[in-house]
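Reading the structure
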Amino acid sequence: MKSILIQFDTDTLPSVFDRVVAVDSNVEHLFSYGGVTPENVIGLVHGAIFTRGPADLKNTAIFVGGSDVAAGEVLFKKIQKTFFGPMRVSVMMDSNGCNTTAAAAIASARKHLSLADASAIVLGATGPVGLRAAELLALENSRVTLVSRTLDRAEAACESVRAKVASARLTPAAASTPEEFEKLAGKQQIVIAAGAAGVCFLSEGALARLDDVKLAIDLNAVPPAGLADVGVMDKAAEKHGTICYGALGVGGLKMKVHKRAVASLFESNTAVLETRALYELALKVAGISA
Ligand SMILES: NC(=O)c1ccc[n+]([C@@H]2O[C@H](COP(=O)([O-])OP(=O)(O)OC[C@H]3O[C@@H](n4cnc5c(N)ncnc54)[C@H](OP(=O)(O)O)[C@@H]3O)[C@@H](O)[C@H]2O)c1
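This one's a predicted model, so the numbers in the text were calculated from it and none came from an experiment.

Rules and cut-offs
Residues numbered from 1 in each chain as written. Predicted model: local features only at pLDDT ≥ 70, side-chain atom pairs only at ≥ 80, totals over all residues. Helix = DSSP H or I, 4+ residues; strand = E, 2+ residues; numbered from the N terminus. Rg over C-alpha atoms; globule rule 2.2 N^0.38 Å. Buried ≥ 20, exposed ≤ 12 C-beta atoms within 10 Å, placed from the backbone. Contact = placed C-beta atoms within 7 Å. Near = placed C-beta within 6 Å. Domains from an automatic or database assignment. Pairing = 2+ DSSP bridges. Axes fitted to C-alpha atoms, helices over the stretch in contact; angles between N-to-C directions. Core = buried A, V, L, I, M, F, W, Y, C linked by C-beta atoms within 7 Å. Nonpolar A, V, L, I, M, F, W, Y, C, P; charged D, E, K, R; others polar. Parallel < 35°, antiparallel > 145°, perpendicular 65-115°, else oblique. Left-handed = near helix turned anticlockwise from the far one by under 90°.

**A short note on the overall build of the protein**
- When you go through the protein residue by residue, the secondary structure sums to 10 helices and 12 strands.
- For 290 residues, the compact-globule estimate of 2.2 N^0.38 gives 19 Å, and the C-alpha radius of gyration of the protein, at 19 Å, lies within 12% of that figure.
- Taking all 290 residues of the protein together, 48% fall into the buried category.
- A separation threshold of at least 6 residues defines the contact pool for the protein, and within that pool the share at least 24 residues apart is 71%.

See below:
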């Protein structure tokens, strides 16, 4: 039986990026829908679950994407609520690449450091990628500082991570100048820049001054860099005693995880792939035992 990936995108036009990855993951048929909402998705899900018998449903799967991560999360929940009994298919959520990017970033960190009890800071922690990176660090039992330009938003981000990881050890912090970001980062072993595209947190020369920082990951691929000392292509590059990853350095693992995840959707009809499951997969793909 042919594999069918059904792409539900919350944007009007379904993502070309996600379509290319689906083809590269050897999906045999790709059905792409744009403008998908919690209201219009029910009939589409019924089309997916009522056409093949329960034993064959592992050959159909759903991918949720789009640029609006909050809308993707709502859609992802609605899709799962529409399933019942054995009438379900595997489903993955990766709106704007938020889950695969965070998973690949923290798996890259795990290659080099034990994360348990490590001190980490996430700059731009209130965005979808930063929140997920903080969640995965908390899951690994790191102590995490979540930074926003406003303390209210940093506190709300901590609450949202704590709702997912009850044992999380989190500190909210506010900063908005390179000097303030550097002061906060100086006390940490791991620095992750997850700010909006083109936002620079640490200026050139900062890593040479930050002796405690062992690992720096910049997820921003759009110049100027989020961490000026980290090159976009850096992949475990050592600079001033700090192991550095740039956005494209993490991107190789992210792409492998995305493809492996799509392929794995067809192993059963019950997989639910979001932040944690994709992190476990990223560890596996990176050759790290969980
Ligand atoms: N490598 C990849 O494959 C890949 C995939 C997806 C995303 N990304 C990159 O990952 C990064 C994070 O993505 P995202 O979607 O989570 O980002 P986002 O939501 O666009 O932004 C994250 C946070 O950045 C902060 N921010 C915005 N403008 C700022 C400014 N001028 N100064 C300081 N902070 C500012 C905001 O926090 P506050 O308002 O709370 O301060 C915002 O919540 C982006 O650079 C994105 O391009 C990379």
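Here the narrative resumes.
**So, the site of the ligand**
- Around the ligand lies a shell of 24 residues, among which G124, G127, V129, S148 and R149 are the nearest.
- Residue assignment for the shell around the ligand shows that the elements contributing at least two residues are α5 (128-139) and α9 (247-264).
- A total of 4 residues in the shell around the ligand trace back to one element, the largest contributor, which is α9.
- Each of two domains, domain 1 (4-97 + 253-285) and domain 2 (105-250), supplies a minimum of three residues to the shell around the ligand.

**Regarding the sheet that holds strand β10 (residues 235-239)**
- Across the sheet, which stays open at both edges, the 7 strands sit in the order β7-β6-β5-β8-β9-β11-β10 with mixed pairing between neighbours. The outermost strands of the open sheet, each flanked by one partner alone, are β7 (169-174) and β10. Geometrically, the sheet is characterised by an average inter-axis angle of 20 degrees between neighbouring strands, direction not taken into account.
- The sheet contact formed by strand β9 (residues 215-218) and strand β11 (residues 242-245) spans 3 bridges and is parallel. Bridging from a neighbouring strand, A216 pairs with C244 of β11.
- The strands touched by helix α4 (residues 98-112) within the sheet are β8 (190-193), β9 and β11, with β9 carrying the most contacts at an inclination of about 160 degrees.

**As for the nonpolar core**
- Ranked by internal contacts, the top residues of the largest apolar core, which has 92 residues, are V122, A133 and I192.
- Looking at this core element by element, the count peaks at 8 residues for α4.
- Each of domain 1 (4-97 + 253-285) and domain 2 (105-250) accounts for three or more of the residues forming this core.
- Each residue touching I192, except ones within four places of it in the same chain, is listed here: A105, A120, V122, L123, A133 and I217.

**A few points about the domain arrangement of the protein**
- Here the protein is described as being made up of domain 1 (4-97 + 253-285) and domain 2 (105-250).
- Each of domain 1 and domain 2 was reduced to a C-alpha centroid, and the two centroids are 29 Å apart.
- Contact residues are listed per partner, giving 9 residues for domain 1 and 10 residues for domain 2.
- Elements that contribute at least two residues to the side of domain 1 that touches domain 2 include exactly α9 and α10 (275-285).
- Of all the elements, α10 adds the most residues to the side of domain 1 that touches domain 2, at 5 residues.
- Tallied by class, residues from the side of domain 1 that touches domain 2 come to 5 nonpolar, 2 polar and 2 charged.

**Focus: the packing of α5 against helix α6 (residues 151-164)**
- Between α5 and α6, whose axes approach to 10 Å, the crossing angle comes to 45 degrees. Considering the angle they form, α5 stands oblique to α6. Seen along the crossing, α5 lies across α6 with a hand that is right-handed. Together, L131, A134, E135 and A138 of α5 and A157, S160, V161 and K164 of α6 make up the contact between the two elements.
- Tallied by class, residues from the contact of α5 with α6 come to 5 nonpolar, 1 polar and 2 charged.

**Re the sheet that holds strand β3 (residues 60-65)**
- Here we have 5 strands laid out as an open sheet, ordered β2-β1-β3-β4-β12, and parallel in their pairing. The open sheet has two free edges, formed respectively by β2 (29-33) and β12 (272-273), since each of these has just one partner strand.
- Relative to β12, strand β4 (residues 90-93) runs parallel, the two being bridged by 2 bridges. When the bridges of β12 are listed, V91 appears paired with V272.

**Quick look at the environment of V232**
- Mapped onto the fold, V232 is located in the loop between β9 and β10.
- For V232, a count of 17 C-beta atoms within 10 Å corresponds to the partly exposed category.
- Other than its neighbours up to four places away in sequence, V232 contacts A221, A225, G246, A247 and L248.

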